[in-house]
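Overview (structure and organization)
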Amino acid sequence: MTRRICLATAAAPWRKRPAALAAAVGAALALSAGLSGCADRKPAGPGAVTAERILAADADPGNWLTHGRTYSEQRFSPLDKITTANVNTLGLAWSVDLGTNRGVEATPIVVDGVLYTSEPWSRVRAFNAKTGEQLWAYDPAVDKAVGQKACCDVVNRGVAVWNGKVFVGVLDGRLVALDAASGREVWSVVTVDQSKPYTITGAPRVIKGKVVIGNGGAEYGVRGYVTAYDADTGAQAWRFYTTPNPDGEPDGAASDDVLARTASATWSDGAWKTSGGGGTVWDSIVYDQELDQLLIGVGNGAPWNHEVRSGGKGDNLFLSSIVALNPDTGAYRWHYQTTPGDTWDYTATQQIMLATLTIDGKPRQVAMQAPKNGFFYVIDRTNGALISAEKYVTTTWASAIDRTTGRPVEDPKARYTDGKPALVFPSSYGGHNWHPMSFSPQTGYVYLPAQEMGAAFQRDANFQYRPGAWNTGTDFLAASLPPDPTARKAIAATMTGMLVAWDPVAQKPAWSVQHKGPWNGGTLATAGGLVFQGAADGRFVAYDARTGAKLWESETYAATLAGPITYTVDGEQYVAVNSGFGSVYFLVAGFAVPNDRKAPPENGRLLVYKLGGKGVVPKLEFAKAEFPAPPKQTGTARTIQAGLAAYNGNCAVCHGVGAEGAGVIPDLRMSAALGDPAYFREIVIDGRLAAQGMVSFARWVTPADAEAIRAYLITEATTAYRTQEAAKGR
């Protein structure tokens, strides 16, 4: 049958493993019943993506049909016209100014010459993939006040395309289907309780006619879940909650049985019964086409601190876990928990990658993940059993993962239960965060954006749950980052990033490349022997996949963090990447960003390259405004100290540690409101600037707190001004 011939191409024939290939084809054939279409009989019309077309994506390498190119999320392209020999002639083909100064994290989708991408505030655009001509744009008109609920900037990591529709998860919790030809809204459903601090920043996935989407917001106090919706109508098909219902009642959801039977007993009394427990699925959702199962990566607890959240008792399933579900019903199949009883924000939401690896002489169907906690995991995806796990960065919270039990061998001191700060590696930023990794079957290496960052965790002795506010139960800012700017700079100097070529069979690095700082970009591997990666300092680089030698570099002028892609139009190969400052690192850790790399306004761009491209990446100017003379300090030392605590608990997540941002959000040290107590109070308490996203904090900040914050900010403004003037010799 034609169907069998088409599906056989989906099993990655270049791997040359006949047994694994036959098994994969057999599985694909088994699950294809009822599906129609074929990769070599492409359906007509814009956005013409079907189940069988994605299953056979390797027979159609000129397109990038789903988030990780194939359902395996390997981000490897068989395209080989751009090679190690000619990549030095790569030049800009076209670019688009996205008109934003917020984080740009989306992986584009390319279908039959049309490129679809999302932007901050969940906007979507479609372009002619050859010329860059804009075909349409969609703005979901998100209320800027929703930005306060987003822990890590108002980002969006991409869209999904299926059967003539483009799907986007909207920051305010909607899932929207757009007509792929026009961008017109076809249907929209609200996937969350919008009265609660839920957000959506991740890319949806479409599997067997269902759109699957998760959510975020654990730091603010929500309960996580994933939901599947009918791609044609938007009707809910199933929902799976990742933590038990705090009231003990069933939800009428696919998760009811396993939560009652397995998960509930792993929780004890604590703040989770008020906060919801967390466990949001904010990024990784992967369809295993060979085993017909859906894998989800589950996030941190609410609050972070295990002692506060659950009395220091229990593993708290399914936090920090990979969970396998039936894609048709949402029913539980198996799970593996990477960090039992997580207390450091060690999410397992990072990319889950599927492959068949030869281990101990036998082909194994595996899932690979490098979650925040610093260990690289290889898991048997037929049953969730651990195969191996080794450290890929400095990791001190645990010395190893026991291969027999699958559990970490922890350092008890790392749990900071004695009230004292505990220096722990990695920090809550993780050894690896959302930035996509890639895998090359040619080299056998995973190309991993990793980073070295530690943090001092300490229990928040004054913790009280505040609905809708930042709730961690952990005083990680004050403990890790002293108020002295010089000390903060010294800490910043220890923060480094690496591109690591990781051998998942040997479980060790094959080579690595050091970066100037952390938070380096996602990767793309190609059959041309290349690895592409962006960097936080404004570069886009091509490396030799076997050796790590740098072969080509383009100045992008803005942080280039998103996952790159490659595609062809009219036989010509292109490489595309989104670029732009923003995301949690540039918001919170602005003190670690060099002054000549602070974000200028409206720096977000889509950059597309080709061999012989003659375009020039438009230069961005990084000139910073001067600090004005600060107002007179009227606060006492005690008031200023109280202001520091209130600032860290309410403001730092957007405006930066020490009030030093990276230019993404207005620098409060320059605010004209600092000299006017009444005006400052109107902004913080009355919500005078709510239309610009600065909502009222009256629920969490008293007028006395606001005045203390102002006093603290005057101190930071004074330090910055004096440093500036001293540099001028004044």
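Not measured: the values here are computed from a predicted model. Throughout this description, residue numbers start from 1 for each chain and increase along the sequence as written. Confidence filtering applies because this is a predicted model: local features only for residues at pLDDT of at least 70, side-chain atom pairs given and counted only at 80 or more, and all residues used for totals across whole chains, interfaces and linings. Neither water nor hydrogens contribute to the side-chain values; these are computed over all heavy atoms in the structure.

As a general point, the strands of a sheet are linked pairwise by backbone hydrogen bonds and lie either parallel or antiparallel. Note on pairing: DSSP must find at least two bridges between two strands before they are called paired. Secondary structure counts use DSSP, requiring at least four H or I residues in a row for a helix and at least two E residues in a row for a strand, with both numbered from the N terminus. One open sheet accounts for 4 strands, arranged β11-β12-β13-β14; its pairing is antiparallel. Two strands close off the open sheet at either side, each with one partner strand: β11 (205–207) and β14 (236–241). On average, each strand axis in the sheet is inclined to that of its neighbour by 20°, with strand direction left out of account. Taken together, the 3 bridges between β11 and strand β12 (residues 210–213) define a ladder with antiparallel strand orientation. Residue R205 lies in a different strand from β12, and its bridge partner there is V212. Helix axes use the C-alpha atoms of the stretch in contact, all axes being lines fitted to C-alpha atoms, and the angles between their N-to-C directions lie in the range 0 to 180 degrees.

Here the focus is the pairing of β14. Bridge analysis of strand β13 (residues 225–230) against β14 gives 5 bridges, and the strand direction is antiparallel. Across the sheet, Y225 pairs through a bridge with Y241, a residue of β14. Taking the residues that link successive antiparallel strands as the turn, the β13-β14 hairpin has 5 residues, and the phi of G234 there is positive, at about 85°.

Okay, the packing of helix α10 (residues 637–650) against helix α13 (residues 703–727) next. The geometry of a pair of packed helices is captured by two quantities: the angle between their axes and the separation between those axes. α13 packs onto α10 with a crossing angle of 100° between their chain directions and a minimal axis gap of 7 Å. As the angle between them shows, α10 and α13 are arranged roughly perpendicular. For the pair α10 and α13, contact is made by T639, I640, A642, G643, L644, A646 and Y647 and by A708, I709, A711, Y712, L713 and T715, respectively. Under the grouping applied here, Gly and all other residues not named as nonpolar or charged are polar, the nonpolar ones being Ala, Val, Leu, Ile, Met, Phe, Trp, Tyr, Cys and Pro and the charged ones Asp, Glu, Lys and Arg. Split by residue class, the contact of α10 with α13 holds 10 nonpolar, 3 polar and no charged. Orientation labels follow simple angle bins: below 35 degrees gives roughly parallel, above 145 gives roughly antiparallel, 65 to 115 gives roughly perpendicular, and whatever is left gives oblique. Should any heavy atoms of two residues lie within 4.5 Å, those residues are considered in contact.

Partly exposed residues are those whose accessible area sits between 20% and 50% of the maximum for their type, while under 20% is buried and over 50% is exposed, using a 1.4 Å probe and protein chains only. Taken together, the buried positions of helix α4 (residues 256–263) are occupied by D256, V258, L259 and A263. Of the surrounding secondary structure, the elements contacted by the buried residues of α4 are β14 and β20 (332–337).

Our next topic: the packing of helix α12 (residues 677–684) against α13. For the pair α12 and α13, interaxial distance at closest approach is 10 Å and the crossing angle is 115°. Crossing handedness for the pair α12 and α13: right-handed. Where α12 approaches α13, its residues P677, F680, R681 and V684 are matched on the opposing element by P703, A706, E707, I709, R710 and L713. Its residues assigned to classes, the contact of α12 with α13 shows 7 nonpolar, no polar and 3 charged. In a left-handed crossing the near helix is turned counterclockwise from the far helix by less than a right angle, and in a right-handed crossing that turn is clockwise.

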